[in-house]
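This is what each chain is made of:
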Amino acid sequence: MSRKVLFVATVLRMHVLVFHLPYMRWFQEQGYEVHLCCANDTPDPHPQVPYCDRWVELPFSRSPFSADNREVFRRLKQLIDAEDYALIHCNTPVGGLLGRLAARAARKRGTRVVYTAHGFHFFTGAPLKNWLLYYPAERLLSRWTDLLITINGEDYARAKRFAAGRVALVSGVGVDLARFRGPVDRAAVRVGLGIGPEDAVLITVGEHSERKNHETVIAAAAPIEGAHVLFCGVGDRQAALEKQARELDMEGRVHFLGFRKDIPALLAASDVFVFPSLQEGLPVAQMEAMAAGLPCVVSDVRGNNDLIAPGEGGFLREPRDVSGFTQDIARLLADSALRARMGERNRREMRRYSLEAVLAQMTALYRGLLDGREP
């Protein structure tokens, strides 16, 4: 078996560059040649991918029914059959589907296949169509999976009933805590945003999509006099959110900041993290807010409630409980000592989810597979 590994995911910027570089680097440090298959979702037609010896750009579509994915499967299988990989790590639902199907013959030759479920599409409260489509598919695909990695308790409990060689629970994808330790001029950040030093600031991070349920953030903040809301992200629902802000007379208090690279500074300049999403796996945005020492008011869904228990680091509410979100946000804004106490708890909690901790978990799992033993 060659000393080559392959990472498979749907997109580069929004997945590989966010989640996988530390593990690609680790394989290079162990003497492996690292290959990557994904679509290019960056504005650069020829981006440089760190820790990657060979990048095969494939036009993955997020829809499992897209005709484009038939060509992706053909090319992916051709590559896997030719390269004799020691290990293939599949990610994202479509990447996991096509990667594991394309690697079936390779597994018979000794290639180890890993799949990370960043959040199954079937979950408590999911639409029936999700269960009818995705549950049988994941159960079937587990037969061709040597290691199935889950990142929250609900997914782990369900995956243990599947046929994968092993199911593991890992503490997410790892948060680089060093990014949140440096000094930040909170007042200067606020000045740059046009916000006063004593104003209440709420922040949320994530794409403007139906799943993130940002409408609840705006509606919950509206009754809180003087409160500002920072939205960090892009997406096709921004126009609707801007309209909602106008209708609630919040135009000057809702700030759409777009895609930002200074999230640690923005978190440090904020008072409360608000996250009413309808569905999560184990949210990096929430973990980064916790690492920055913010209390969190979040929806009571899988992933969010792995990180926050009621009264411990924040509060949980049903995703569309606007009045409940308002109540919890107002309580935190009125009590600086409570914010500080919850924020410090969250900083401590994030040590278990640090990049170093998760890298140790992952490398033990990788070594176990490659050495033919249980880690």
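1. A closer look at the sheet that holds strand E10 (residues 254-258)
Pairing is parallel across the open sheet formed by six strands, whose spatial order is E10-E9-E8-E11-E12-E13. The open sheet has two edge strands, E10 and strand E13 (314-317), and neither has a second partner. Each neighbouring strand pair of the sheet contributes to a mean axis angle of 20°, computed without reference to strand direction. Across two bridges, the pairing between strand E8 (residues 201-205) and strand E11 (residues 272-275) is parallel. If you follow Ile-203 over to E11, its bridge partner there is Phe-273. Its contacts with the sheet place helix H14 (residues 322-333) against E8, E11, strand E12 (296-299) and E13, and it is angled at close to 170° to E13.

2. Describing the environment of Val-184
Of note, Val-184 is situated in the loop between strand E7 (167-169) and helix H8 (186-193). Of the residues examined, Val-184 reaches a relative accessible area of 34% and is grouped as partly exposed. Separated by 85 residues in the primary sequence, Val-184 and Ala-269 have C-alpha atoms spaced 8.0 Å apart. Beyond its immediate sequence surroundings of up to four residues, Val-184 is in contact with Val-189, Ala-265 and Ala-268.

3. A short note on the sheet that holds strand E6 (residues 147-150)
What holds strands together in a sheet is hydrogen bonding between their backbones, with the strands either parallel or antiparallel. The parallel open sheet is built from seven strands, whose spatial order is E3-E2-E1-E4-E5-E6-E7. The sheet is open, and its two edges are formed by strand E3 (54-57) and E7, each paired on a single side. For this sheet, the mean angle separating the axes of adjacent strands, direction not counted, is 20°. Pairing between strand E4 (residues 87-91) and strand E5 (residues 112-117): five bridges, direction parallel. Within E5, the position partnered with His-89 by the bridge is Val-114. Contacting strand E1 (4-11), E4 and E5, helix H4 (residues 93-102) crosses the sheet at an angle of about 145° to E4.

4. Some details on the side chain of Asp-146
Among the secondary structure elements, Asp-146 is positioned in the loop between helix H6 (128-141) and E6. By relative accessible area, which is 12% here, Asp-146 ends up buried. Here Arg-107 takes part through its side chain, which lies 3.0 Å from a polar atom of the side chain of Asp-146. Among the polar contacts listed, one links the side chain of Asp-146 to the backbone nitrogen of Val-113, at a separation of 2.8 Å.

5. Re the packing of aromatic side chains
Scanning the entire structure with this criterion turns up 14 aromatic pairs. With 5.0 Å between their ring centres and 75° between their planes, Trp-26 and Phe-27 make a pair best called edge-to-face. With respect to burial, Trp-26 and Phe-27 carry one shared label: buried. Look at Phe-122 and Tyr-135: their rings are 5.1 Å apart centre to centre, the planes differ by 80°, and that puts the pair in the edge-to-face class. Of this pair, Phe-122 sits in the loop between E5 and H6 while Tyr-135 sits in helix H6, and the two are 13 residues apart along the sequence.

6. Observations concerning the nonpolar core
If you look at the biggest cluster of nonpolar residues, it comprises 34 residues, and the most contacted ones within it are Ile-203, Leu-266, Leu-267, Phe-273, Leu-307 and Met-350. Looking at this core, the elements with two or more residues in it are H8, E8, strand E9 (228-232), helix H11 (263-268), E11, helix H12 (284-291) and E12. Here this core gets five residues from one element, more than from any other, and that element is H12. Every residue in contact with Leu-267, bar those within four places of it in the chain, is listed here: Phe-180, Ile-203, Phe-273, Glu-288, Ala-289, Ala-292 and Leu-294. In this structure, Val-8, Leu-58, Val-72 and Ala-117 belong to the second largest nonpolar core, which totals 30 residues.

7. Some points on unusual backbone geometry
Non-glycine residue Asn-213 carries a positive phi angle of around 55°. Taking the relative accessible area as the measure of exposure, Asn-213 reaches 3% and is therefore buried. Positive phi is not limited to glycine here, since Asp-249 has a value of about 55°. Tracing the sequence through the fold places Asp-249 in the loop between helix H10 (238-247) and E10.

8. Thoughts on H6
Along its 14 residues, H6 runs 20 Å from first to last C-alpha, staying within 8% of the 20 Å computed at 1.5 Å per residue. Along H6, the sharpest kink reaches roughly 25°, centred on Tyr-134 and followed within four residues by the proline Pro-136. Looking at the buried residues of H6, the elements they touch are H4 and E5.

9. Structural notes on the environment of Met-287
Of note, Met-287 is situated in helix H12. Overall, the relative accessible area of 0% leaves Met-287 in the buried class. C-alpha separation for the pair Met-287 and Leu-141, spaced 146 residues apart in sequence, amounts to 30 Å. Ignoring any residue separated from it by four or fewer positions in sequence, one finds Met-287 in contact with Val-175, Leu-282, Leu-307, Met-350 and Tyr-353.

10. Some words on the packing of helix H2 (residues 21-29) against helix H16 (residues 355-371)
How two helices pack is summed up by the angle between their axes together with the distance between the axes. At a minimum axis distance of 11 Å, the contact between H2 and H16 shows a crossing angle of 50°. Relative to H16, H2 is oriented oblique. Classified by chirality, the crossing of H16 by H2 is right-handed. Touching Pro-22, Tyr-23, Trp-26 and Phe-27 of H2 are Leu-355, Val-358, Leu-359, Met-362, Thr-363, Tyr-366, Arg-367 and Leu-370, all from H16. For the contact of H2 with H16, a count of residues per class yields ten nonpolar, one polar and one charged.

Rules behind the numbers
- Residues numbered from 1 in each chain as written.
- Predicted model: local features only at pLDDT ≥ 70, side-chain atom pairs only at ≥ 80, totals over all residues.
- Heavy atoms only, no water.
- Pairing = 2+ DSSP bridges.
- Helix = DSSP H or I, 4+ residues; strand = E, 2+ residues; numbered from the N terminus.
- Axes fitted to C-alpha atoms, helices over the stretch in contact; angles between N-to-C directions.
- Contact = heavy atoms within 4.5 Å.
- Buried < 20%, exposed > 50% of the residue type's maximum accessible area, 1.4 Å probe, protein only.
- Polar contact = N/O pair within 3.5 Å; in protein donor to acceptor, adjacent residues only side chain to side chain.
- Phe/Tyr/Trp six-rings, centres within 6.5 Å; stacked < 30°, edge-to-face > 60°.
- Core = buried A, V, L, I, M, F, W, Y, C linked by side-chain atoms within 4.5 Å.
- Expected span 1.5 Å × (residues − 1).
- Bend = angle between axes of the 7 residues up to and from the residue.
- Parallel < 35°, antiparallel > 145°, perpendicular 65-115°, else oblique.
- Left-handed = near helix turned anticlockwise from the far one by under 90°.
- Nonpolar A, V, L, I, M, F, W, Y, C, P; charged D, E, K, R; others polar.

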